[in-house]
Amino acid sequence: MSDKGLALVTGASRGIGRAIAERLANDGFKVVGTATSESGAAQISEALQGINSENAGIVLNISDADQTDAALKQLLADHGTPAVVVNNAGITRDNLFLRMSEEEWDAVINTNLSGVFRVCKAMVKPMIKQKSGCIINVSSIIGTTGNAGQANYAAAKAGLEGFSRSLAQEIASRNITVNCVAPGFIQTDMTEILPETQKEAILATIPVKRLGQAGEIAGTVAFLASSDAKYITGQTIHVNGGMNMG
Amino acid sequence: MSNIEERVKKIVCEQLGVKEEDVKASSSFVDDLGADSLDTVELVMALEEEFETEIPDEDAEKLTTVQEAIDYIIANL
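This one's a predicted model, so the numbers in the text were calculated from it and none came from an experiment. (Residues numbered from 1 in each chain as written. Chains lettered and ligands numbered in written order. Predicted model: local features only at pLDDT ≥ 70, side-chain atom pairs only at ≥ 80, totals over all residues. Heavy atoms only, no water.)

Draft legend 1. Geometry of the packing of helix α1 (residues 15-26) of chain A against helix α2 (residues 38-49) of chain A. Residue and element names in this part refer to chain A. Here α1 crosses α2 at 35°, and the two axes come no closer than 10 Å. Pair α1 / α2 crosses with right-handed handedness. Contacts between α1 and α2 involve R18, A21, E22 and A25 from the former and Q43, A47 and L48 from the latter. (Axes fitted to C-alpha atoms, helices over the stretch in contact; angles between N-to-C directions. Helix = DSSP H or I, 4+ residues; strand = E, 2+ residues; numbered from the N terminus. Left-handed = near helix turned anticlockwise from the far one by under 90°. Contact = heavy atoms within 4.5 Å.)

Structural data, given as structure tokens:
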């Protein structure tokens, strides 16, 4: 039974997004997870329908404004207005600034920042009509600290946090919260590809002395999505093992 | 025509939480009826729903009084 309403989770086929989708499904939300490919969407459907047959995977490419608009209109028609939207989908195109091409810059800004704008554009209007909603944007510690080789990613994530605070102010009076969760280094495919030496160097900077688990991000998202967090808005919750204590 | 006028005024009352006798054709949503900028966006959304029409943002921005909203609906329905 899903009695808490609908939760939309973008980028739900693997890593943190998958953990968030599964956690929200287990918490009693009806979950629609998105992937950029048909096979990814099918994989999400299979994983989530094991929890509840109402859950689904859909194709959504937030880097494409027209596809996003069409897919989210379809979502609203098929499933109604989400109670919770988790903007998790994101990409990396790492390169040293001196070598970073404009394409690499644009790709990351377009998906990680403009993509969230597009999803919110489609979701906020129905949420205002619904008179409630919860938007959770998955940022990154890199948005706060910066990181050599990730000028594009850091800019997009810092931008995302500023965007979230502005949107939070605009729609707080309509009972809609907007928050960010900023993971540190989490064990996922995205961090798996880092060279061993770099992983060791990262571990040395984490007071908790281990990488985070995707489930630990999902737990924070689940809290922000719960009724316990209705008075929290415009915040960025850092989940990083003490890596950056601000 | 008067039907549209009544429907528009009813929505204005509902959305802005004002009394019907306070809503005049010349009333400005912001200056007379106390709407903030988000209220006016919501008001347009409610009008779109009531009259099953889409009001483009560039038109919506020009609807600042009750009469302007009534005229727009009549012209575009």
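Draft legend 2. Representation of the confidence of the model for chain B within the structure. Residue and element names in this part refer to chain B. Across chain B, the average pLDDT comes to 93, with 97% of residues at or above 70. Confidence scores differ between elements of chain B, with helix α1 (residues 2-16) showing the lowest mean pLDDT of 92 and helix α4 (residues 66-76) the highest of 94. On the interface metric, ipTM, the complex scores 0.77, and its pTM is 0.91. (pLDDT = per-residue confidence, 0-100.)

Draft legend 3. Structural context of α1(A). All names here are of chain A. The terminal C-alpha atoms of α1, which comprises 12 residues, lie 17 Å apart, in line with the 16 Å expected from a rise of 1.5 Å per residue. Those residues of α1 that fall on the buried side of the exposure criterion are I16, G17, A19, I20, A21, L24 and A25. Positive phi shows up at G28, right after α1, with a value of about 105°. (Expected span 1.5 Å × (residues − 1). Buried < 20%, exposed > 50% of the residue type's maximum accessible area, 1.4 Å probe, protein only.)

Draft legend 4. Region of the structure containing the UniProt feature "domain: Ketoreductase" (unreviewed entry) in chain A. The UniProt entry lists residues 5-179 of chain A under the feature "domain: Ketoreductase" (unreviewed entry), expressed in the numbering used here. Along residues 5-179 of chain A one finds 53% helix and 16% strand; the C-alpha atoms at either end are 19 Å apart. (UniProt positions renumbered as here; feature names shortened; annotations may be inferred.)

Draft legend 5. Summary view of the UniProt feature "modified residue: O-(pantetheine 4'-phosphoryl)serine" (unreviewed entry) in chain B. Residue and element names in this part refer to chain B. In this numbering, the UniProt entry assigns the feature "modified residue: O-(pantetheine 4'-phosphoryl)serine" (unreviewed entry) to S37. Secondary-structure assignment places S37 in helix α2 (residues 37-50). A relative accessible area of 58% places S37 in the exposed class.

Draft legend 6. Geometry of a negative patch on the surface. All names here are of chain B. A cluster of acidic residues, E6, E20, E21 and D22, forms a negative patch on the protein surface. Structurally, E6 is set in helix α1. Assessed through its relative accessible area of 54%, E6 is described here as exposed. (Patch = residues over 30% accessible without salt bridge, like charges linked within 9 Å, V, L, I, M, F, W, Y side chains within 5 Å. Areas by Shrake-Rupley, 256 points an atom, 1.4 Å probe, with all protein chains shown as cover. Salt bridge = Lys/Arg side-chain N within 4 Å of Asp/Glu carboxyl O. Lys, Arg positive; Asp, Glu negative; His and termini not counted. Charge placed at Lys NZ, Arg CZ, Asp CG, Glu CD.)

Draft legend 7. Representation of the nonpolar core in the model. All names here are of chain A. If you look at the biggest cluster of nonpolar residues, it comprises 30 residues, and the most contacted ones within it are V9, I20, L24, V31, V84, V86 and I136. Elements supplying a minimum of two residues to this core: β1 (6-9), α1, β2 (30-35), α2, β4 (84-87), β5 (133-138) and α9 (214-225). With seven residues, α9 is the largest single contributor of residues to this core. With near-sequence residues (within four places) excluded, I20 lies in contact with V9, V86, N88, V138, A218 and V221. Membership of the second largest hydrophobic core comes to 29 residues, among which are L8, A56, A71 and A122. (Core = buried A, V, L, I, M, F, W, Y, C linked by side-chain atoms within 4.5 Å.)

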